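Here is what each chain is made of, one letter per residue.
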Amino acid sequence: MAVPDCNISRFLGFLSGPQEWTYLINPEHMKVDQPLNLDDDDFECHSGLPRPISTPTDMSFSLERLKLGIVCREVIDATSHEHLYGIEISYEKILELDRKFHQALAEIPEFFRLDPTSRRRFASLYQNRPTIAWQRCLLQQGYFSRLCRLHRQFFVRGAREPLYSYSHIVCLQSARKVLEIKKIMDEDEPKFTPPSSVVWSVMHHVFMAAVILLLDVCFNWDDILAEKRKEEVLDACRMLSNAQLSSSLVKEGINAMMGVLQKHWKHEKLAASPNRNSIPNVNAAGPDMPRQPLPSTSGASYTPATTIELDPPGDLPSNLDDTDERQLEDIWSEMLDNGANLDLGDTAWTGLLTELTNATMPG
């Protein structure tokens with residue numbers, strides 16, 4: 001089996017589904033050399049020596065992605081027993097795996113980094129080889145989305161228990177980095193073709209990042225920066241709305257994840273104590289903007305494939321794409337406005353994040 005194929009199974013093993021916490025090939029059962037760091041054209045005059053890792057080539061992304069895959073394999077090796085037997089993973093183990101991710105992230109070549117200095121230094125490279133600019137974003141998003149996944153089982157606990165506060169911070173930082181990378185994809189030169197909004201893996205990471213920020217707002221609804229955080233969530237929601245207009249496949253995936261999110265939201269809202277304090281119901285879209293209520297659970301079956309089906313008021317445009325965009329932001333706005341009434345239990349919200357990941361394979 002080639003190295004890239006083996007690497008894919010490692011990524012899938014760190015993704016919810018029947019293959020979770022497994023991978024196809026044991027490293028002890030294979031002997032495959034890593035590809036050399038060379039451009040395709042170099043093979044005609046190849047001297048047998050690869051270029052330095054600091055030199056961008058056609059193989060740079062594959063080699064760096066392989067390193068990320070190795071860390072994912074180490075996560076599986078370290079935690080699969082606990083997941084199989086329903087045992088809580090020790091926090092020390094989570095922190096050790098976190099160090100492995102950060103070490104690998106710190107070792108990536110400068111041309112794959114997103115700090116302002118690196119972006120300016122390699123601007124001409126990105127213009128001449130736009131594929132590297134695209135790969136840079138995909139690689140960084142891959143790291144931060146998996147860092148967020150590593151820590152998410154301690155995310156809610158970290159908001160109230162100092163022992164796990166690092167996980168809460170890392171989840172938020174990683175989610176914000178995922179959204180920042182999406183903005184770089186949309187706004188930086190060179191422009192990507194096709195646009196990142198039509199790539200489902202990119203938008204899946206954006207959705208998961210948005211949910212992390214949404215949960216944080218609801219858990220810390222009385223924070224002094226609550227309104228700013230709400231707008232941060234709605235900015236991410238607008239990315240999702242724009243993506244719905246860009247691709248039917250992405251739209252299907254977003255609708256499936258929205259079905260899961262609404263199902264859990266309604267369940268937790270019904271389970272919440274009626275004596276919980278709530279924040280004022282402020283419409284983030286503006287006081288004059290009509291808001292569509294969340295659909296009733298009695299009239300729909302919420303499964304991972306459920307689409308968003310809301311009947312628009314008669315005075316709104318009948319164009320389906322326009323109403324979908326309005327509905328998505330309205331739904332998230334209502335979740336934000338009523339988040340203080342939710343009972344944020346650790347198990348329930350960890351289950352939500354897992355089920356959202358399971359609902360990410362649009363047909």
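To start, this report covers the structure provided alongside it. All figures in this text were calculated on a predicted structure; none of them were measured in a lab.

## A closer look at the overall build of the protein chain
Each helix and strand in the protein chain was counted, giving 13 helices and 0 strands. Along the protein chain, helices and strands appear, N-terminal first, in the series α-α-α-α-α-α-α-α-α-α-α-α-α. The 363 residues of the protein chain split such that 49% are buried. Within the protein chain, contacts between residues at least 6 apart in sequence are counted, and of these 72% link residues at least 24 apart. Taken as a whole, the protein chain presents about 17,500 Å² of accessible surface, with 53% of it coming from carbon and sulfur.

## Comments concerning a nonpolar patch on the surface
Taken together, the side chains of L84, Y85 and I87 present a nonpolar region at the surface, about 360 Å² in accessible area. Relative to the elements of secondary structure, Y85 occurs in helix 2 (residues 60-85).

## As for the packing of helix 6 (residues 130-151) against helix 8 (residues 165-187)
It is at 8 Å that the axes of helix 6 and helix 8 come closest, and there the two elements cross at 155°. Compared by their axis directions, helix 6 and helix 8 come out roughly antiparallel. Here helix 6 runs over helix 8; the crossing is left-handed. Contacts between helix 6 and helix 8 involve R136, C137, L138, Q140, Q141, F144, S145, L147, C148 and H151 from the first element and Y166, S167, V170, C171, S174, K177, V178, I181, I184 and M185 from the second. Within the contact of helix 6 with helix 8, the residues separate by chemical class into 12 nonpolar, 6 polar and 2 charged.

## Brief notes about the packing of helix 2 against helix 3 (residues 91-106)
Where helix 2 contacts helix 3, the two axes come as close as 10 Å, and the packing angle between them is 175°. As judged from the angle between their axes, helix 2 and helix 3 are roughly antiparallel. For the pair helix 2 and helix 3, contact is made by L68, V71, E74, V75, A78, T79 and E82 and by K93, L97, K100, F101 and A104, respectively. A class-by-class count of the residues in the contact of helix 2 with helix 3 yields 7 nonpolar, 1 polar and 4 charged.

## Some thoughts on the nonpolar core
Membership of the largest hydrophobic core comes to 81 residues, with the highest contact counts inside it found for F207, V211, L214, I254, L261 and W332. A total of 15 residues in this core trace back to one element, the largest contributor, which is helix 9 (residues 200-219). Beyond its immediate chain neighbours, meaning those up to four positions away, V211 contacts L261, W332, L352, L353 and L356.

## Concerning the packing of aromatic side chains
Within the structure shown, the criterion is met by 6 aromatic pairs. Both rings, one in Y91 and one in Y164, keep their centres 4.9 Å apart while their planes meet at 90°; by these two values the pair is edge-to-face. Separated by 73 residues along the polypeptide, Y91 in helix 3 and Y164 in the loop between helix 7 (155-158) and helix 8 bring together distant segments of the chain. Y164 carries the same exposure label as Y91, and that label is buried. Pairing F207 with W332 gives two aromatic rings, centres 5.7 Å apart and planes at 75°, and the pair type is edge-to-face. With F207 in helix 9 and W332 in helix 12 (residues 320-337), this residue pair connects regions lying 125 residues apart in the sequence. Overall, the relative accessible area of 0% leaves W332 in the buried class.

## Structural notes on the pattern of salt bridges
Summed over the entire model, instances satisfying the criterion amount to 22 salt bridges. Between R229 and D216 there is a salt bridge, with its nearest N and O atoms 3.0 Å apart. One end of the pair, R229, is in helix 10 (residues 226-246); the other, D216, is in helix 9, with 13 residues separating them in the sequence. Residue R229 shares its accessibility class with D216, and that shared class is buried. For D337, the salt bridge goes to K230, with nearest N and O atoms at 3.8 Å. Placement of D337 in helix 12 and of K230 in helix 10 is noted, with a sequence separation of 107 residues between them. Looking at D337, the relative accessible area reads 3%, which means it is buried. Ionic contacts of the salt-bridge type, sharing partners, join the residues D39, R51, D58 and R129 into one network.

## Thoughts on helix 3
Compared with an ideal rise of 1.5 Å per residue, which puts 16 residues at 22 Å, helix 3 spans 22 Å between its outermost C-alpha atoms and is within 8% of the ideal. Buried residues of helix 3: Y91, I94, L97, D98, F101, A104 and L105, and no others. All buried residues of helix 3 fall inside an arc of 140° around its axis, so they share one side. Across from the buried face of helix 3, at angles greater than 90 degrees, the exposed residues are E92 and A106. Structurally, helix 3 contributes buried residues whose contacts are with helix 2, helix 6 and helix 8.

Cut-offs and rules
Residues numbered from 1 in each chain as written. Predicted model: local features only at pLDDT ≥ 70, side-chain atom pairs only at ≥ 80, totals over all residues. Heavy atoms only, no water. Helix = DSSP H or I, 4+ residues; strand = E, 2+ residues; numbered from the N terminus. Buried < 20%, exposed > 50% of the residue type's maximum accessible area, 1.4 Å probe, protein only. Contact = heavy atoms within 4.5 Å. Areas by Shrake-Rupley, 256 points an atom, 1.4 Å probe, with all protein chains shown as cover. Patch = residues over 30% accessible without salt bridge, like charges linked within 9 Å, V, L, I, M, F, W, Y side chains within 5 Å. Salt bridge = Lys/Arg side-chain N within 4 Å of Asp/Glu carboxyl O. Axes fitted to C-alpha atoms, helices over the stretch in contact; angles between N-to-C directions. Parallel < 35°, antiparallel > 145°, perpendicular 65-115°, else oblique. Left-handed = near helix turned anticlockwise from the far one by under 90°. Nonpolar A, V, L, I, M, F, W, Y, C, P; charged D, E, K, R; others polar. Core = buried A, V, L, I, M, F, W, Y, C linked by side-chain atoms within 4.5 Å. Phe/Tyr/Trp six-rings, centres within 6.5 Å; stacked < 30°, edge-to-face > 60°. Expected span 1.5 Å × (residues − 1). Arc of directions from axis to C-beta.

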